[in-house]
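Descriptive analysis of the structure
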Amino acid sequence: MKRAAIAAALAAFLCAALGAADFGGYVETRAGWYWGSSELVSPMYQLLEGGVSGKVGDAEAPRAQYLAKVDLEYDPTAGDSTTAATLRLGEAWIKIFEGPLDLSFGNQIVAWSISDGYWPSDVVNPWDYSLPMDPQRIPVPLGRVVLNGANYSIDLVAQPFWTESILPNPRWMPPSESALAALPHDTSLDAKPDFSWDSVGYGGHLKASFELLQGLDLGATYYRGKSSAPTGPGFTYSGMYPSGYYYLFDRSTLVGADLTLSPGGGILLKSEWGYTTLGDTDLLAPEDGKASAQGVSGFEYTIGTAQLEGEYVLDWTKGATEAFAHEAIGILTWSIDDRTEAKLAADYEFSGKGGFMLSPQGSYTIADGLKAGVEAYFFFGDKATIFGSYSGNDLATLSLKYSF
Amino acid sequence: MTRIFAALALAAFAAQALAAQSALGADQVMDKVFNAPKSKGTVEALTMVVTKNGQSLTRSITNWSAGDHTRGEVEKTISKFTAPADVKGSGFLTMKKVDGSTESLLWLPALGRVRRLGSGSSDQDQSFFGSDFTNRDINGFNQGDFTYRILAFEGGLYTVEATPLKSAGYEKLVYYIDSSIWRYVKIEYFRAGKVAKTQTDEYEKIGDYYMPKRIVMASASKSSTELTFADYKIDQDLGAEIFTERFLKQ
């Protein structure tokens, strides 16, 4: 709260000092209910995101660019008035353009992944898994340098502080973990991140574009850092530290590659793969349980105002009882008119007897900047599958968002 | 008698010559329209108002464009949304090659990602951001994809019927061309023997060029879209650094 307020004040000072700036943001109210239950998915919260952004120098060829966002979340259903309002720093960075280089510092989001349903290369930012089927990236302090060439870019990042992902609440945890997950564990997002060389993350992404058919992009990723998600099962502990439930967060190394090809005819082909090792295990001959690979391959097909997207996901863990897991994701989006969009997302898990998720979604633009949305999620299948274990969590949400 | 015939023949020849001066052939008229001088590189601010059932939505866009197919160049455009707030900052880059293929990139600042788009012939018939224009209407037609026939010439205004040689999204088009500036001031788009949409164009002279000032597309379904252009910068030297992912994201 205090850090966010200081950052907001600094951002305001910076913008005042730099002159021209745009102020913008949104107010959103959202409510959600679990199907057949009085429990709320998300409280009837109101979210106000305000931000400033601007450019230094010529608007068409700026010397620098900046952005600062602050979120104020208010939950009127919270019993404790001190926890009803939360102030958070969102993205807040300055980017300097120097010749072919873009140098940026501050709270940033790095999106290297090319796919829409699964993101093997997006390992820099921790994730908010509160609703695991709709995870959100959490901006974190980063130093970043991008070298822009004619048909390529090299994007290098350094992350000085480790930040943990927000884990799903117990309702969305596997039964073996859910009872323990509510207990305090070793770090929390509100804690001031301590600097440690062991926690520093660094890596980069290379992207090259070629004039093949209607465009080909090839990418390569390397990142080494402390994993933001638990890398092993949690355990209970009592000793010199406060007793509680602890997760392990190992160092991890990711090597990845991606490809996007537009052959024409309204088709786009994509494939992205990542290979991850934990700790100091050998990259080529890892110990059991210390290496995994995730891959996603798919297509997009656009016809008229509709788009169909299909992705196949493969997840492999060395030495696991079930080493391979498979998923198929389908997304159909239809822009009905200038105001209305409908979407149907489906995700099928091939494990056991199979499980799947179905999510119809829709949005309607009421007026310029004012949009209403509805989303629902339904889960089916074998209780041994992830989606099957969620079968009591069918839910629907309504939202109204005004952007300014 | 011989003198009378000679006089009549002379008069007929003179009338033909006059007609040739004032009423060109259909292909010649369209040559003048398609090959009218164009700005080398253009920057413009565009406001689009889409009205349906009496209710309007507004989008503001800044466009950077360069290249000309008639000169064998790739036509490049960068468009950045400046309003409304929920789409502000997003933009797209399109590169139309001479062979008709198109490369497209979309910048989504909320996701922090540039997405490549799959382009196909059906894209051309999609609505341009929910408006009454299709992408084809916005991008313009290729002269060689039609045969032309003059329907009328009156008061300096040519009426030219354009019949497509291959699928163009319409059965035919009828252009109304102002011969004083060689620009069309109205286009009627026909489907199933009826006018499906009517486009009217107003121009302003900027430097050596007549640039669109206001375009209205009215659909038979009672919806309409108005495009208003402002802040033109013409003959800009838009270097290669403009039509890049980096500029798209700035």
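Relevant structure appears above.
Here the structure is a predicted model, which means the values were calculated and not measured.

Assigned secondary structure in chain B consists of four helices and 13 strands. Burial statistics for chain B: of 250 residues in total, 46% are counted as buried. Expressed as a percentage of contacts within chain B between residues at least 6 apart in sequence, the contacts between residues at least 24 apart total 39%. When the accessible surface of chain B is split by element, carbon and sulfur atoms take 54% of a total near 12400 Å².

Check the secondary structure of chain A and you find four helices and 22 strands. Burial status across chain A gives 44% buried among its 404 residues. In chain A, the proportion of contacts linking residues at least 24 apart, taken out of those at least 6 apart, comes to 53%.

Let us now look at helix 2 (residues 26-34) of chain B. All names here are of chain B. Along helix 2, the residues that are buried comprise A26, V29, M30, V33 and F34. Along helix 2, the residues classed as buried sweep out an arc of 125° about the axis, all on the same side. Here the buried face of helix 2 lies against strand 7 (146-154), strand 8 (157-164), strand 9 (172-178) and strand 10 (183-191).

Quick look at the interface of chain A and chain B now. Taken together, the contacts link 48 residues of chain A with 36 residues of chain B. In total, chain A and chain B occlude about 3200 Å² of area from one another, counting both sides; carbon and sulfur atoms represent 42% of this. At the junction of chain A and chain B, the tally comes to seven salt bridges. Measuring nitrogen to oxygen at the nearest pair gives 2.8 Å for the salt bridge that ties B:R116 to A:D217. Split into classes, the residues belonging to the side of chain A that touches chain B amount to 13 nonpolar, 20 polar and 15 charged.

Residue and element names in this part refer to chain A. For the structure shown, the criterion picks out 26 aromatic pairs over all chains. For the ring pair W35 and F378, a centre distance of 5.3 Å and an interplane angle of 75° mean the geometry is edge-to-face. On the criterion of sequence distance, the pair formed by W35 in the loop between strand 1 (22-34) and strand 2 (45-57) and F378 in strand 21 (residues 370-381) is long-range, its members being 343 residues apart. On the basis of an interplanar angle of 75° and a centroid distance of 4.8 Å, the ring pair of W172 and Y390 is categorised as edge-to-face.

This paragraph deals with the nonpolar core. All names here are of chain B. Ranked by internal contacts, the top residues of the largest apolar core, which has 37 residues, are V29, M30, Y148, V160, L173, Y175 and I177. Secondary-structure elements contributing two or more residues to this core are helix 2, strand 1 (41-52), strand 7, strand 8, strand 9, strand 10, strand 12 (209-219) and strand 13 (224-233). Considering each element in turn, this core owes the most residues, five residues, to helix 2. Apart from residues no more than four positions distant in its own chain, Y175 is found in contact with M30, F34, F141, Y158, T159, V160, A162, Y184, K186 and I187. In this structure, L93, W107, L238 and F243 belong to the second largest nonpolar core, which totals 14 residues.

Here the focus is the side chain of B:S39. All names here are of chain B. Looking at where S39 falls in the secondary structure, it is placed in the loop between helix 2 and strand 1. Owing to a relative accessible area of 13%, S39 belongs among the buried residues under this scheme. Separated by 2.9 Å, the side chains of S39 and T42 make a polar contact. The contacts of S39, once residues within four sequence positions are left out, are Y209, I234 and D235.

Thresholds applied
Residues numbered from 1 in each chain as written. Chains lettered and ligands numbered in written order. Predicted model: local features only at pLDDT ≥ 70, side-chain atom pairs only at ≥ 80, totals over all residues. Heavy atoms only, no water. Helix = DSSP H or I, 4+ residues; strand = E, 2+ residues; numbered from the N terminus. Buried < 20%, exposed > 50% of the residue type's maximum accessible area, 1.4 Å probe, protein only. Contact = heavy atoms within 4.5 Å. Areas by Shrake-Rupley, 256 points an atom, 1.4 Å probe, with all protein chains shown as cover. Arc of directions from axis to C-beta. Buried area = accessible area lost by both parts, 1.4 Å probe. Salt bridge = Lys/Arg side-chain N within 4 Å of Asp/Glu carboxyl O. Nonpolar A, V, L, I, M, F, W, Y, C, P; charged D, E, K, R; others polar. Phe/Tyr/Trp six-rings, centres within 6.5 Å; stacked < 30°, edge-to-face > 60°. Core = buried A, V, L, I, M, F, W, Y, C linked by side-chain atoms within 4.5 Å. Polar contact = N/O pair within 3.5 Å; in protein donor to acceptor, adjacent residues only side chain to side chain.

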